[in-house]
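Commentary on secondary and tertiary structure
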Amino acid sequence: MVIVMRQDATGEQVAHLVEKLKEKGLTAHISRGTERTIVGAIGDERVLQAVPLQAFPGVEQVMQILQPFRLVSREFRKDDSIVNVGGVKIGGGHFALIAGPCSVENWETLIETANAVKAAGANLLRGGAFKPRTSPYAFQGLGEEGLKLLAQARQETGLPVVTEVMNTSQVDLVAKYADMLQIGARNMQNFDLLKAVGDVRKPVLLKRGMASHVKEWLMSAEYILSRGNYDVVLCERGIRTFETYTRNTLDLAGMAAARELSHLPVVVDPSHATGKRSLIPPMSYAAMAGGADGLTIEVHPRPEEAFSDGDQSLLPKDFSELCQELKRFAEVCRKTW
Ligand code: PEP
Ligand code: MN
């Protein structure tokens, strides 16, 4: 059971309701968002049958939600959520084109890439400062220096920035510089990290774990919403299958299923999903046609020199061509950006 409090509900009204739930032997889970407070009643809800919760002062709506991911589900909110990232809207027909290098390497390459993706039509800049690498000997990212470069690139281009946070101790630091916090595939079930970004009032890009079911991915999003942060965008980035030709297998049905089950926007990452530059355009078109709310694409001006993921990075001119095509398709796909 989810009880949505009115926007003007007082702390006393919330406490009164919580008291009643406790009296009935239930546990109350309170999530305080910027706009309203939501109270989840946890336990055997049959004891509430005779309690007129709707009549409690401050209560706006009482909802019976069957899915375990309550706040994330379409049962909780029928309409698409729109997440605002530094002034850029994602979801509800607003298409996000997130682009940039895999890693922030140095100022010159970053600003060259940022200017190029902006000119092509990207509306958000991506780049990793903290990198989750398979090998401890591989480039691990510039850390705070990389975050500073991203903030500087935002100042020069006006593009809000998206960057990964790898552990709880980095959350405040990354939130200080970034407009959107990325939770990488490897951390999708790092529950302490999910709670920590749930406590921050910054949008989160939650990538799907490479071995996670759609419903597990949605449960991870629920962790963030349950702490009061409703600004979550899901990202399908491919899952592990028996196929080895591509780096991962892009699960477009999973993307569409997530959009069906949840009101949250879902974007697609064809770069990590395929690992191959040539496959990025076809998968981007397919994602847009399938209803995705955006794309996140790696771009590098000299992929052969990239510190990470050069094979799957588009050249700026190829990215620009891709954007031209996507713009032609956008109208029939009912997307704007
Ligand atoms: C990335 O976006 O650079 C990244 C590391 O992605 P993933 O977590 O999906 O592997
Ligand atoms: Mn990458």
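For the structure itself, consult the block above.
Here's a quick rundown of the structure.

Criteria and cut-off values
Residue positions are given per chain, counting from 1 as you read along its sequence in written order. Labels follow written order: the first chain is A, the first ligand is 1, and so on. Local features in this predicted model are restricted to residues of pLDDT 70 or higher, and side-chain atom pairs are both shown and tallied only at a pLDDT of 80 or more, whereas totals for entire chains, interfaces and linings draw on every residue. Water and hydrogen atoms play no part in the side-chain values, which are based on all heavy atoms of the structure. Metal coordination here is assigned from N, O and S atoms located within 2.8 Å of the ion, or within 3.2 Å for Na, K and Ca; omission of water means that sites may look incomplete. Put simply, DSSP marks the helices as runs of H or I at least four residues long and the strands as runs of E at least two long, and each gets a number from the N terminus on. Working definition: with a 1.4 Å probe on protein chains only, accessible area under 20% of the residue-type maximum means buried, over 50% means exposed, and in between means partly exposed. Each residue is tested against the molecule or strand, and it is near if at least one of its non-hydrogen atoms lies within 4 Å. Identification of polar contacts relies on pairs of N or O atoms within 3.5 Å, with a donor-acceptor requirement for protein atoms, meaning one able to donate a hydrogen and the other able to accept it, and with residues adjacent in sequence counted only if both atoms are side-chain atoms. Computed with the Shrake-Rupley method and a 1.4 Å probe, the accessible areas treat only the protein chains shown as cover for residues. Residues are grouped as follows: nonpolar covers Ala, Val, Leu, Ile, Met, Phe, Trp, Tyr, Cys and Pro; charged covers Asp, Glu, Lys and Arg; every other residue, Gly included, is treated as polar. In this scheme Phe, Tyr and Trp rings, the latter by its six-membered ring, pair at centre separations within 6.5 Å, and the angle between planes marks the pair as stacked below 30 degrees, edge-to-face above 60, and tilted otherwise. Counting as a charge over the ring demands two things of the Lys NZ or Arg CZ atom: a distance within 6 Å of the ring centre and an angle within 35 degrees of the ring normal. Side-chain atoms within 4.5 Å link the members of a nonpolar core, which is a set of buried Ala, Val, Leu, Ile, Met, Phe, Trp, Tyr and Cys residues. By convention here, the domain bounds are inherited from an automatic or database domain assignment. The contact rule is simple, with two residues in contact once any of their heavy atoms fall within 4.5 Å.

1. Focus on the coordination of the manganese ion (ligand 2)
Protein-derived coordination of the manganese ion (ligand 2) comes from Cys-102 (SG), His-272 (NE2), Glu-298 (OE) and Asp-309 (OD), at a distance range of 2.0 to 2.4 Å. Sequence spacing of the donors to the manganese ion (ligand 2): C-x169-H-x25-E-x10-D. One end of the pair, His-272, is in helix H8 (residues 270-274); the other, Glu-298, is in strand S14 (residues 294-298), and 26 residues separate them in sequence. Here His-272 and Glu-298 have matching classes, each one buried.

2. Concerning the site of ligand 1
Around ligand 1 lies a shell formed by Arg-126, Lys-131, Pro-132, Glu-164, Gln-182, Gly-184, Ala-185, Arg-186, Lys-207, Arg-237, His-272 and Glu-298. Here Lys-131 contributes a side-chain N or O atom positioned 3.0 Å from an oxygen atom of ligand 1. In the model, an oxygen atom of ligand 1 is placed 2.8 Å from a nitrogen or oxygen of the Ala-185 main chain. In the complex, the protein chains occlude 97% of the 300 Å² of accessible area that ligand 1 would expose alone. A class-by-class count of the residues in the shell around ligand 1 yields two nonpolar, three polar and seven charged.

3. Structural notes on the packing of aromatic side chains
For any pair of aromatic rings, the description rests on two quantities: the centre-to-centre distance and the angle between the ring planes. For the coordinates displayed, the defined rule picks out four aromatic pairs. Taken together, a centroid distance of 5.1 Å and an interplanar angle of 90° make the contact between Tyr-285 and Phe-329 edge-to-face. On the criterion of sequence distance, the pair formed by Tyr-285 in helix H9 (residues 280-289) and Phe-329 in helix H10 (residues 316-330) is long-range, its members being 44 residues apart. The partly exposed category is assigned to Phe-329, whose relative accessible area is 25%. Against the face of Tyr-245 rests Lys-276, its NZ or CZ located 4.1 Å from the ring centre.

4. Quick word on the nonpolar core
Residues Leu-125, Leu-206, Leu-234, Ile-297 and Phe-319 are the most contacted members of the largest nonpolar core, which totals 75 residues. Two domains share this core, each providing at least three of its residues, namely domain 1 (2-63) and domain 2 (83-332). Setting aside its immediate chain neighbours within four residues, Leu-125 contacts Ala-99, Gly-100, Leu-110, Ala-114, Val-117, Leu-150, Ala-153, Leu-159, Pro-160, Val-161 and Val-162. One finds Leu-17, Val-18, Leu-53 and Val-59 within the second-largest nonpolar core, a separate group that totals 15 residues.

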